[in-house]
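Structure at a glance
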Amino acid sequence: TGEGRPSVAATLRALNGALGRPAALWVKESGARNLRHRDFLAPRAALSAVFPGGQVPPEAVSAVPSLRGPAVLPLDVCRQTPAGLAVQVRRPEAFQRLLGPLPGPEPPAAGARTGCVVLHCPALRGPAALRPRHLRSVLLADHLAQLLRAQGVGVHLVPALNEERSWEVLRQLRIDWPSGPGGSSLPEAVSALKAALGRCPCAAACEQGAGTAEGVIYKVHLKSFVEQQGLVGYDPNLDVLLVTEGTLRSLAELQEAVLQCPVSDPMALPVSCFPSSSCCSIVHVVNCEEEFQQQQLDVLWRILDPGAHTALQKHLVCGPVKVTNPSSIIEADQYFQLRKRQMYDASVIKYGELAQDEAWTEVIDTLTVAAIRFEMLSTAHRSQVTLDLENNSISTKGTKSGAFVMYNCARLATLFDTFQRAVEQGMYPPLPPVSELNFSCLREEGEWLLLFNYLLPFPEVLQQAAQLPPPSKGFRITANTETVCKFLIQLSMDFSSYYNRVHVLGEPFPHLFDQMFARLRLLGAVRDVFHSALATLHLPPLSQI
């Protein structure tokens with residue numbers, strides 16, 4: 001077999017190559033019912049479209065089991081079935097490849113930067129209190145920053161938080177955002193932008209006095225510039241922008257972030273993140289109510305700084321956040337406190353009266369953060385999020401919630417704690433080295449489901465979640481920011497089903513140890529996936545619930 005960590009993409013490429021057609025004919029199965037019979041399928045309809053009568057040459061079919069490659073799964077016999085061409089993975093070998101010691105060089109370190117992205121969140125600029133709709137775009141930018149960093153991309157978050165305001169709710173939600181007065185070069189940059197305005201043919205200086213709003217220093221005709229440059233997708237109501245010192249300060253801060261990007265090679269940003277890469281990519285993460293104002297700022301920056309980076313500005317727009325049952329307009333910190341009280345009440349119902357100690361306070365805080373992050377991020381960013389603020393709207397039981405994910409992560413921690421205590425008491429021997437484990441003991445349906453649907457594709461899931469594909473036209477982009485939350489929810493459901501069905505820590509009889517040790521190795525890898533995925537949401541794993 002080829003060495004290295006197998007991947008879904010490499011296996012699909014090899015299977016498609018075996019049929020001698022450029023078309024993507026094969027699909028990976030994921031449903032438990034289909035996985036009983038096959039792992040990959042080339043559907044009959046797809047085969048009929050490229051082979052006469054859907055008949056694949058016999059030599060192509062017989063070549064499938066001998067497919068090799070550094071990241072290709074070991075494959076068994078390929079069969080013609082009523083559904084199409086079906087192939088199963090040689091499962092004991094696949095368990096060995098994914099759970100055994102990895103040969104070859106280590107993957108590149110996360111610190112090896114391969115590009116730079118500026119994530120700009122205008123919701124953090126306004127003087128008004130944060131509302132849930134603002135929180136959605138901030139949480140999304142925070143999650144996206146973690147995903148990009150995990151792919152080795154440098155990230156700058158803008159704006160720096162103004163220290164005159166209280167940002168307690170961001171700290172409570174574990175949002176890691178820079179704060180401070182901004183760089184020392186900001187006043188200089190603002191002056192340079194003001195000078196550029198003075199030379200700009202579509203800008204007119206404003207005298208303070210009758211008919212001029214306070215603080216306005218220039219009027220800029222955006223519409224004529226948009227038409228002249230042939231810019232696509234902008235709001236037709238963009239017309240005259242009243243520019244203040246604050247407007248220029250916002251642009252200066254963005255410029256400073258671009259200058260801090262360490263990338264000088266235009267090809268350095270990985271294709272997986274920005275196919276149309278430049279020295280530095282700028283993404284404005286905005287809620288739909290701020291979109292018009294951000295378009296104004298975008299066009300003004302293009303006018304004043306006509307460089308490659310401003311031409312590549314992209315907007316990632318979040319759909320509305322609808323709050324039901326509000327007694328009044330709710331602010332972000334009230335929303336957090338409400339969810340925290342509901343999580344405490346739900347936990348009392350599940351576990352009885354809780355000890356008022358530091359450990360339980362930490363657990364409730366973490367469950368609250370998980371509930372809010374999953375509530376905001378498990379929906380596609382373009383779609384509306386509906387927040388039901390009724391008392392019974394939060395639960396520790398619902399399988400779609402952040403609390404359910406954290407609960408299953410804690411069950412894994414408890415399993416390994418229990419095993420470790422049993423080892424210390426002499427009930428079991430310690431877990432042997434990976435090279436001595438017998439993975440052919442893993443025959444339970446749920447074990448293959450965990451490996452094939454979660455451990456195998458996890459690196460590709462993280463990569464997909466960090467992709468920011470360019471728009472076909474205009475400046476709005478779509479990201480798969482819901483991918484990690486959905487992955488964790490599905491993993492939790494399948495792990496929970498397996499864990500409820502299978503007794504992992506069996507009786508202390510030597511003839512049962514091989515299977516128990518193989519299962520512990522599998523579930524240790526599942527635990528690592530939970531921890532890595534939760535880290536992109538700034539959620540620490542819980543050791544108890």
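As shown above, the structure is provided for reference.
Residues numbered from 1 in each chain as written. Predicted model: local features only at pLDDT ≥ 70, side-chain atom pairs only at ≥ 80, totals over all residues. Heavy atoms only, no water.

Thoughts on the overall build of the protein
- Assigned secondary structure in the protein consists of 19 helices and 13 strands.
- Residue burial in the protein is summarised as follows: out of 545 residues, 52% are buried.
- Here the contacts in the protein between residues at least 6 apart in sequence split such that 77% fall between residues at least 24 apart.
- Only carbon and sulfur atoms are counted for the fraction: they give 53% of the accessible area of the protein, which is about 24,400 Å². (Helix = DSSP H or I, 4+ residues; strand = E, 2+ residues; numbered from the N terminus. Buried < 20%, exposed > 50% of the residue type's maximum accessible area, 1.4 Å probe, protein only. Contact = heavy atoms within 4.5 Å. Areas by Shrake-Rupley, 256 points an atom, 1.4 Å probe, with all protein chains shown as cover.)

Concerning the sheet that holds strand β4 (residues 84–89)
- Judged by pairing direction, the sheet is antiparallel, and its four strands sit side by side in the order β1-β2-β4-β3 without closing on themselves. Sheet topology places β1 (27–28) and β3 (75–81) at the edges, where each strand pairs with a single neighbour.
- Note: β3 against β4, five bridges, orientation antiparallel. Within the sheet, the bridge partner assigned to Thr-81 lies in β4 and is Gly-84. (Pairing = 2+ DSSP bridges.)

Some thoughts on the pattern of salt bridges
- A full pass over the atoms with the stated rule returns 17 salt bridges.
- For Lys-194, the salt bridge identified is with Glu-245, shortest N-O distance 2.5 Å. Taken together, the residues Lys-194 in helix α8 (residues 186–199) and Glu-245 in helix α10 (residues 245–260) connect sequence positions 51 residues apart.
- Measuring nitrogen to oxygen at the nearest pair gives 3.0 Å for the salt bridge that ties Arg-501 to Glu-444. One end of the pair, Arg-501, is in helix α18 (residues 483–501); the other, Glu-444, is in the loop between α15 (402–424) and α16 (445–455), and 57 residues separate them in sequence. (Salt bridge = Lys/Arg side-chain N within 4 Å of Asp/Glu carboxyl O.)

A few points about the packing of helix α6 (residues 132–150) against helix α14 (residues 358–377)
- At a closest axis distance of 10 Å, the pairing of α6 and α14 adopts a crossing angle of 95 degrees. Taken together, the axis directions place α6 and α14 in an arrangement best described as roughly perpendicular. Mapping the contact onto sequence places Pro-132, Leu-135, Arg-136, Leu-139, Leu-140, Asp-142 and His-143 in α6 and Ile-372, Arg-373, Met-376 and Leu-377 in α14.
- Classifying every residue of the contact of α6 with α14 by side-chain character gives seven nonpolar, one polar and three charged. (Axes fitted to C-alpha atoms, helices over the stretch in contact; angles between N-to-C directions. Parallel < 35°, antiparallel > 145°, perpendicular 65-115°, else oblique. Nonpolar A, V, L, I, M, F, W, Y, C, P; charged D, E, K, R; others polar.)

What about unusual backbone geometry?
- The peptide bond linking Val-158 to Pro-159 adopts the cis configuration, its omega dihedral lying at 0 degrees.
- Structurally, the position occupied by Pro-159 is in the loop between β6 (154–158) and α7 (168–172).
- Here His-538, not a glycine, exhibits a phi torsion of approximately 55 degrees, which is positive.
- Examined against the element boundaries, His-538 turns out to sit in the segment after α19 (510–535).

Focus: the state of the cysteines
- A full pass over the atoms with the stated rule returns one disulfide.
- Through a disulfide, Cys-116 is tied to Cys-261; the S-S separation comes to 2.1 Å. Taking the sign of the S-S torsion, -55 degrees for the link of Cys-116 and Cys-261, the bridge is left-handed. Taken as a pair, Cys-116 in strand β5 (residues 116–120) and Cys-261 in the loop between α10 and β10 (281–287) lie far apart in primary sequence, 145 residues in all. No difference in accessibility class separates Cys-116 from Cys-261, as the two residues are buried. (Disulfide = S-S within 2.5 Å.)

A few points about the environment of Ala-63
- Note on placement: Ala-63 falls in helix α4 (residues 58–63).
- For Ala-63 and Ala-18, which are 45 residues apart along the polypeptide, the C-alpha to C-alpha distance reads 6.8 Å.

Observations regarding the sheet that holds strand β9 (residues 240–244)
- Taken in spatial order, the three strands of this open sheet run β7-β8-β9, and their pairing is antiparallel. Edge positions in the sheet fall to β7 (203–205) and β9, since each has one partner strand and no second. Each strand of the sheet is rotated relative to its neighbour by a mean of 25 degrees, with strand direction disregarded.
- Contacts between α10 and the sheet are confined to β8 (216–221) and β9, with β9 contributing the most and set at about 85 degrees to the helix.

Observations regarding the nonpolar core
- Trp-26, Phe-40, Leu-119, Leu-170, Met-376 and Leu-523 are the most contacted members of the largest nonpolar core, which has 138 residues in total.
- If you tally residues by element for this core, the top one is α19, at 13 residues. (Core = buried A, V, L, I, M, F, W, Y, C linked by side-chain atoms within 4.5 Å.)

Some remarks on the environment of Met-376
- Along the polypeptide, Met-376 turns up in helix α14.
- Put simply, Met-376 and Arg-136 are 240 residues apart on the chain and 5.8 Å apart in space, counted from C-alpha to C-alpha.
- Ignoring sequence-local partners within four residues, the contact set of Met-376 consists of Pro-132, Leu-135, Arg-136, Leu-139, Val-321, Tyr-335, Val-385 and Leu-387.

Comments concerning the side chain of Ser-492
- Along the chain, the position of Ser-492 falls in helix α18.
- Once residues within four sequence positions are removed from consideration, Ser-492 is found in contact with Phe-404, Val-405, Asn-408 and Phe-530.

Let's talk about the pairing of strand β11 (residues 314–318)
- Burial analysis of β11 places five of its five residues in the buried class, which makes it a mostly covered element.
- Residue alternation in β11 divides its side chains into two sets, Lys-314, Leu-316 and Cys-318 and His-315 and Val-317, and both sets are buried.
- Pairing of β10 with β11, which is carried by five bridges, proceeds in the parallel orientation. Among the inter-strand pairings, Val-286 is bridged to a residue of β11, identified as Val-317.

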